[in-house]
Amino acid sequence: MKAKVYELTGVFSLLFIKVYSKLTDAKKVEWNNRGFSTFHALVVAVASLYFLLISHLFDEGPEDKLMIDRTSTASDTILGISVGYFLSDLAMILWYFPALGGMEYVLHHGLSMFSILQSLVSGQGQIYILMVLFTESTTPFVNLRWYLDVAGQKSSIFYICNGVALFLGWLVARIILFIFFFYHMFIHFDQVKEVYPLGFYSMLTVPPVLALMNAFWFWKIAKGLIKRMSKTRHSS
């Protein structure tokens, strides 16, 4: 799937985006890679929202299974897609290292694969994996910011609007959602303790690491947005 979306991104960009043909080969690789990154983010964000809020898969009530043990064929499929994405993207990052991302991306992808695989194999903790996968909803804004920068649109109003959307999206999906994530784990800790040992300790250690990374990136996003808006105000 990655190869298909990667190729389609290149073909579409060559036909409809003038700046693409002027990019270096290295930039074209990153451009196409971010196309697949955006595709994956949209798919898993929509799917996660569906499973968490619409499907009733994790509704609290007198169900036969504990909430921590609930899965479905569709949710398994989404987790499998994500494992495939993170694995292929990690391979790309390592092959072109550090052009497509530094060690923080290696750590993020490694922890993500480690956690998703455990949940997929054990059938436990999918509700929390899906919460974390919903944070991918901010990725299209991150990629659009890079696209606009490469296209020389860093001073455009569209770039600033995307920056504001990224700031607000990150605040909701990667800061506030993680606060709710830890609160949900706390009030359902009786179920969390039922997870097998490696999964249990992973749930206690991996999310805080990801939360710290998200907080650090949020600080950088906020700092960059303030700097950009300040420059725009002074130039107008």
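Residues numbered from 1 in each chain as written. Predicted model: local features only at pLDDT ≥ 70, side-chain atom pairs only at ≥ 80, totals over all residues. Heavy atoms only, no water.

The protein chain carries the name TLC domain-containing protein in an unreviewed UniProt entry, which gives Escallonia herrerae as its organism. What UniProt states about the protein chain under its Subcellular location (unreviewed entry) heading is, verbatim, "Membrane". (UniProt positions renumbered as here; feature names shortened; annotations may be inferred.)

Help me understand the packing of aromatic side chains, please; the structure alone is not making it clear to me.
Each aromatic ring pair is characterised by the separation of its centres together with the angle its planes make. All chains considered together, the criterion is met by 19 aromatic pairs. When the ring of Y105 is compared with that of W217, the centres are 6.1 Å apart and the planes differ by 35 degrees; the resulting orientation is tilted. Here W217 lies in helix α9 (residues 197–235) and Y105 lies in helix α4 (residues 103–122), a separation of 112 residues in the sequence. Given a relative accessible area of 31%, Y105 falls into the partly exposed group. Among the aromatic residues, those joined into a cluster by ring pairs are Y20, W31, W146 and Y147. (Phe/Tyr/Trp six-rings, centres within 6.5 Å; stacked < 30°, edge-to-face > 60°. Helix = DSSP H or I, 4+ residues; strand = E, 2+ residues; numbered from the N terminus. Buried < 20%, exposed > 50% of the residue type's maximum accessible area, 1.4 Å probe, protein only.)

Explanation requested: a nonpolar patch on the surface in the structure shown.
Nonpolar side chains collect at one region of the surface, where V11, F12, L15 and F16 lie side by side and expose about 460 Å² of accessible area between them. Its location among the elements puts L15 in helix α1 (residues 2–16). By relative accessible area, L15 is classed as exposed at 63%. (Patch = residues over 30% accessible without salt bridge, like charges linked within 9 Å, V, L, I, M, F, W, Y side chains within 5 Å. Areas by Shrake-Rupley, 256 points an atom, 1.4 Å probe, with all protein chains shown as cover. Salt bridge = Lys/Arg side-chain N within 4 Å of Asp/Glu carboxyl O.)

Would you explain helix α6 (residues 139–150) in this entry?
Quick reminder: α-helices carry 3.6 residues per turn. Residues three or four places apart thus point the same way. With twelve residues, α6 should cover 16 Å at 1.5 Å per step; its first-to-last C-alpha distance of 17 Å lies within 8% of that length. Of all the residues in α6, the buried ones are T139, P140, V142, N143, W146, Y147 and L148. G152 sits one or two positions beyond α6 and adopts a positive phi of about 75 degrees. (Expected span 1.5 Å × (residues − 1).)

What should I look at first to understand the side chain of T135 in this one?
Positionally, T135 belongs in the loop between α5 (126–134) and α6. Excluding residues within four positions of it along the chain, T135 makes contact with A173, R174, L177 and F178. (Contact = heavy atoms within 4.5 Å.)

Got a minute to help me understand the nonpolar core in this structure?
As a rule of thumb, nonpolar side chains are buried together in soluble globular proteins. Residues F51, F58, I116, Y128, L133, V192 and M203 are the most contacted members of the largest nonpolar core, which totals 34 residues. Listing elements by their share of this core, those giving two or more residues are α2 (25–54), α3 (73–95), α4, α5, α7 (157–187) and α9. Per-element tally for this core: the top contributor is α3, with eight residues. Once residues lying within four places of it in the same chain are set aside, the contact partners of F51 are L57, F58, S72, A74, S75, I78 and L130. One finds F178, A211, M213 and I221 within the second-largest nonpolar core, a separate group that totals twelve residues. (Core = buried A, V, L, I, M, F, W, Y, C linked by side-chain atoms within 4.5 Å.)

Quick question: what am I supposed to make of unusual backbone geometry here?
Glycine aside, residues mostly have negative phi, and peptide bonds are mostly found in the trans state. The omega angle of the peptide bond from F97 to P98 is 0 degrees, so this bond is cis rather than trans. For P98, the position within the fold is in the loop between α3 and α4. In the Ramachandran plot, H56 falls in the positive-phi region, its phi being about 70 degrees despite a non-glycine side chain. Locating H56 in the fold gives a position in the loop between α2 and α3. The class of H56 is exposed, set by a relative accessible area of 56%.

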